[in-house]
Amino acid sequence: MPEKFVNVDGRSLWSESVGSDGADTILLVAGANAPALMWPNDFVALLVSKGYRVIRYDHRDTGRSTFIEFDDAPYTVEDLSSDAVSILDAWGVDKAHVVGLSIGATLGQVLALDHPDRLHSLTLMCGAALDVDFVGNIGRAFSGESSPDGLPLPDREVLEALSARATPSKSMEEELDRRVKEWALLSGEKLELDASDFRLREQRCIDHAGTWAQPGNHAMATPVPLSRGVELRKVSVPALVIQGSEDPLNPPPHGKHIADLLPNGHLVEMDGLGHCLPKALFPRIADEIAHHAEQSHAADARTSRA
């Protein structure tokens, strides 16, 4: 599996390509403060088995990518989106099927606005639309206020668990325990959590990064202006929106809201899915992504013949 460090604005971003160089590319964009290995090897292998080349990468300030104290080099969420374009450039990929989860879904929306020519298709998982004040909604979840758009707020218990990242763990085992507990809350209660699997995933992420210190710089990045949400109505990129029935951060109907904003948006609601990638749902999620990619190519072919 070839690896490559990509230089972006004085930073080095780690990336990896799996599968045939001649195959269509799926670019996996991880969640906030998450490295490339947030996308498990078994899930990547499923996509490769369907005939795709898969590229995943460590966001800046995660994994093996360069870490810089945020105040020394501040950036925006839109800068994180531009990093994805730099990854495609470095691997010589003109267009990709972009798949983003959580903040990765936010970055995918920005890519569809600013770089639609680089996308064959877009898959947005467990995300919020650009016109949703997610940062403000965190405060509202603690204060008891309602969201201005009427959409449900993130779950306060989960937010409290995520805030525990600010307290450094005293040992590897303590850190792994904390991370598995966090995934249990993010997963919801409908599907039984495979704690040993998530523990192994997190051990791999720690080994990959060389530290169990939890990254946190993305929380300080300047959010995408809410006004950009209206621009989504002009996006022509075919978009699949995957909504988890148990997602505690962006509960239903957040996914429907995104799909309704996008002219070529299609919503798939997955029963039992929380804000995570449970092994039990790998096959269905991979099938949905591959089917969407195939349909997008078919639509491209029809358009080119018209």
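Further up the page is the structure itself.
Reference entry: report on the structure contained in this document. Source: prediction; values computed, not measured.

Here we take up the pairing of strand β3 (residues 25-29). Most of β3 sits inside the fold, with 5 of its 5 residues counted as buried. Following the backbone out of β3, through helix α1 (residues 41-49) and into the adjacent parallel strand β4 (residues 53-57), one traces a crossover that is right-handed.

This part is about α1. All of the buried residues along α1 are F43, V44 and L47. Taken around the axis of α1, the buried residues stretch over an arc of 100°, which confines them to a single face. Directly beyond the C-terminal end of α1, a positive phi value near 100° is found at G51.

Turning to the packing of helix α5 (residues 156-163) against helix α6 (residues 172-187), a few remarks are in order. Contact geometry of α5 with α6 gives a least axis separation of 10 Å together with a crossing angle of 160°. What the angle tells us is that α5 and α6 run roughly antiparallel. Relative to α6, the crossing made by α5 is left-handed. Contacts between α5 and α6 involve E157, V158, A161 and L162 from the first element and E182, L185 and L186 from the second. For the contact of α5 with α6, the class distribution of residues is 5 nonpolar, no polar and 2 charged.

This part covers the packing of helix α2 (residues 77-90) against helix α3 (residues 103-114). α3 packs onto α2 with a crossing angle of 75° between their chain directions and a minimal axis gap of 9 Å. Overall, the two elements α2 and α3 adopt an arrangement that is roughly perpendicular. Counting all contacts with α2, which are made through V77, E78, L80, S81, A84 and V85, the residues of α3 involved are I103, T106, L107, V110 and L111. Grouping the constituent residues of the contact of α2 with α3 by class yields 8 nonpolar, 2 polar and 1 charged.

The strand order β1-β2-β4-β3-β5-β6-β7-β8 describes an open sheet built from 8 strands, whose pairing is mixed. The sheet is open, and its two edges are formed by β1 (3-8) and β8 (265-270), each paired on a single side. Each strand of the sheet is rotated relative to its neighbour by a mean of 20°, with strand direction disregarded. Sheet topology note: the strand β7 (residues 239-244)/β8 ladder contains 6 bridges and is parallel.

Most of strand β5 (residues 96-101) sits out of view: 6 of its 6 residues are buried. Of the two faces of β5, the one carrying A96, V98 and G100 and the one carrying H97, V99 and L101 are both buried. Both β3 and β5 contribute to a ladder of 4 bridges, which runs parallel. Looking at the pairing, I26 lines up with H97 of β5. Where β5 lies against strand β6 (residues 119-125), 6 bridges are found, and the strand directions are parallel. Bridge pairing in β6 links V98 to L122.

On to the environment of V8, then. Tracing the backbone through its elements, the reader meets V8 in strand β1. Overall, the relative accessible area of 7% leaves V8 in the buried class.

Within the fold, L107 resides in helix α3. Residue L107 is classed as buried on the basis of its relative accessible area, which comes to 1%. The contact partners of L107, leaving out residues within four places of it in the chain, are V29, H59, V77, L80 and S81.

Bringing the side chain of S187 into the picture now. Along the chain, S187 turns up in helix α6. In this structure, S187 is in contact with L193, E246, G272, G274 and C276, ignoring residues within four places of it in sequence.

For helix α8 (residues 254-261), the complete set of buried residues consists of H254, G255, I258, A259 and L261. End-on, the buried residues of α8 take up no more than an arc of 160°, which puts them together on one face. Lining the buried residues of α8 we find α3, β6, β7 and β8.

Attention now goes to the packing of aromatic side chains. Enumeration over the complete set of coordinates arrives at 4 aromatic pairs. One aromatic cluster is present, built from ring pairs that chain together W39, F43 and F282. Against the face of Y75 rests R60, its NZ or CZ located 4.7 Å from the ring centre. Here the guanidinium or amino end of R201 rests over the ring plane of F198, the centre of that ring lying 4.1 Å away.

Here is what the cut-offs are and how they apply
- Residues numbered from 1 in each chain as written.
- Predicted model: local features only at pLDDT ≥ 70, side-chain atom pairs only at ≥ 80, totals over all residues.
- Heavy atoms only, no water.
- Buried < 20%, exposed > 50% of the residue type's maximum accessible area, 1.4 Å probe, protein only.
- Helix = DSSP H or I, 4+ residues; strand = E, 2+ residues; numbered from the N terminus.
- Right-handed = clockwise from strand over helix to strand, strands pointing away.
- Arc of directions from axis to C-beta.
- Axes fitted to C-alpha atoms, helices over the stretch in contact; angles between N-to-C directions.
- Parallel < 35°, antiparallel > 145°, perpendicular 65-115°, else oblique.
- Left-handed = near helix turned anticlockwise from the far one by under 90°.
- Contact = heavy atoms within 4.5 Å.
- Nonpolar A, V, L, I, M, F, W, Y, C, P; charged D, E, K, R; others polar.
- Pairing = 2+ DSSP bridges.
- Phe/Tyr/Trp six-rings, centres within 6.5 Å; stacked < 30°, edge-to-face > 60°.
- Lys NZ or Arg CZ within 6 Å of the ring centre and 35° of its normal.

Everything listed here is a matter of coordinates, which is why it stays silent on function.
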